[in-house]
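Fold and contact review
The primary structure of each chain is shown beneath.
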Amino acid sequence: IRCRFGFGQSQKTSDATWYVGEDKMPSLNVESFTAMSKSLKRQLMTVIESSQVFVEHHYKDSFPDQRRTTLFAGRLNCALGFPRSRAKFEYYDIVLSRNTILRKHIDHKNDHRDGYNHCVVYSFFQKIDGVEYRVSIVMTTRSTVGCPYDKIIA
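Residues numbered from 1 in each chain as written. Predicted model: local features only at pLDDT ≥ 70, side-chain atom pairs only at ≥ 80, totals over all residues. Heavy atoms only, no water.

1. Some thoughts on the overall build of the protein
- Of the regular secondary structure elements, the protein holds four helices and seven strands.
- Overall, the protein shows an N-to-C arrangement of helices and strands of β-β-β-β-α-α-α-β-β-β-α.
- In terms of C-alpha radius of gyration, the protein reaches 16 Å, essentially the compact-globule figure of 15 Å for 154 residues.
- Summarising its shape, the C-alpha atoms of the protein cover approximately 55 × 35 × 30 Å along the three principal directions. (Helix = DSSP H or I, 4+ residues; strand = E, 2+ residues; numbered from the N terminus. Rg over C-alpha atoms; globule rule 2.2 N^0.38 Å.)

2. Points about the packing of aromatic side chains
- One pass over the full model with this rule turns up eleven aromatic pairs.
- Pairing Phe5 with Tyr92 gives two aromatic rings, centres 5.0 Å apart and planes at 25°, and the pair type is stacked. Placement of Phe5 in strand 1 (residues 2-7) and of Tyr92 in strand 5 (residues 91-97) is noted, with a sequence separation of 87 residues between them.
- Taking relative accessible area as the criterion, Phe5 reaches 1% and is therefore assigned buried.
- Ring geometry for Phe7 versus Trp18: centroids 6.3 Å apart, planes at 45°, classification tilted. (Phe/Tyr/Trp six-rings, centres within 6.5 Å; stacked < 30°, edge-to-face > 60°. Buried < 20%, exposed > 50% of the residue type's maximum accessible area, 1.4 Å probe, protein only.)

3. Thoughts on the pairing of strand 1
- Inspection of the sheet shows strand 1 paired to strand 5 by five bridges, in the antiparallel sense. Within strand 5, the residue paired with Cys3 across the bridge is Ile94.
- Note: strand 1 against strand 4 (residues 28-29), two bridges, orientation antiparallel. Bridging from a neighbouring strand, Gly6 pairs with Asn29 of strand 4. (Pairing = 2+ DSSP bridges.)

4. Let's talk about the pairing of strand 5
- Counting buried positions along strand 5 yields five of seven residues, so the element is predominantly enclosed.
- Across seven bridges, strand 5 lies against strand 7 (residues 131-140) in antiparallel orientation. Across the sheet, residue Val95 finds its bridge partner in strand 7, namely Ser136.

5. So, the environment of Val53
- Structurally, the position occupied by Val53 is in helix 2 (residues 38-58).
- With 33 residues separating them along the chain, Val53 and Arg86 place their C-alpha atoms 8.9 Å apart.

6. Digging into helix 4 (residues 143-153)
- Among the residues of helix 4, Ser143, Thr144, Val145, Gly146, Pro148, Tyr149 and Ile152 are the ones counted as buried.
- Turning to helix 4, the residues buried within the fold contact strand 1, strand 2 (19-20), strand 3 (23-24) and helix 3 (66-80). (Contact = heavy atoms within 4.5 Å.)

7. Quick word on the sheet that holds strand 1
- Ordered by their spatial adjacency, five strands build an open sheet running 4-1-5-7-6, and the pairing between neighbours is antiparallel. Lying at the two open borders of the sheet, with one neighbouring strand each, are strand 4 and strand 6 (119-128).
- Each of strand 5, strand 6 and strand 7 is contacted by helix 2, which is oriented at about 55° to strand 7, the strand it contacts most. (Axes fitted to C-alpha atoms, helices over the stretch in contact; angles between N-to-C directions.)

Right, here's the structure in full:
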């Protein structure tokens, strides 16, 4: 089972399309988050906020561009219903799995720019009715945000 929310790729023009100047920005999808119960949303935001503190504590150069934070993470936090959130991530992927092994891989969609090449994964096991499940919460930035942002600051 998967739940994804945050910035994706720039899509065809629609009512949800947004621009900075003449430049089309990536689409934002938060439906899977907003459909959750208030309690679950609050619990996830606690994990997300704690992860932000973790990154900033261990990587002093993380998320250095306040304008990018305001344009993207700020927009995402508002859409999630948490406008005061300090989280600077741009994409979340929550995965519930059973008996699976995550093979070595490269996350091509994660951003590679200095200060934005951080990804936090909070993972734990939960046993339900004798069956063990893994819950993984992935919090990251996106190259689909960094590329259009580079255009608008050039």
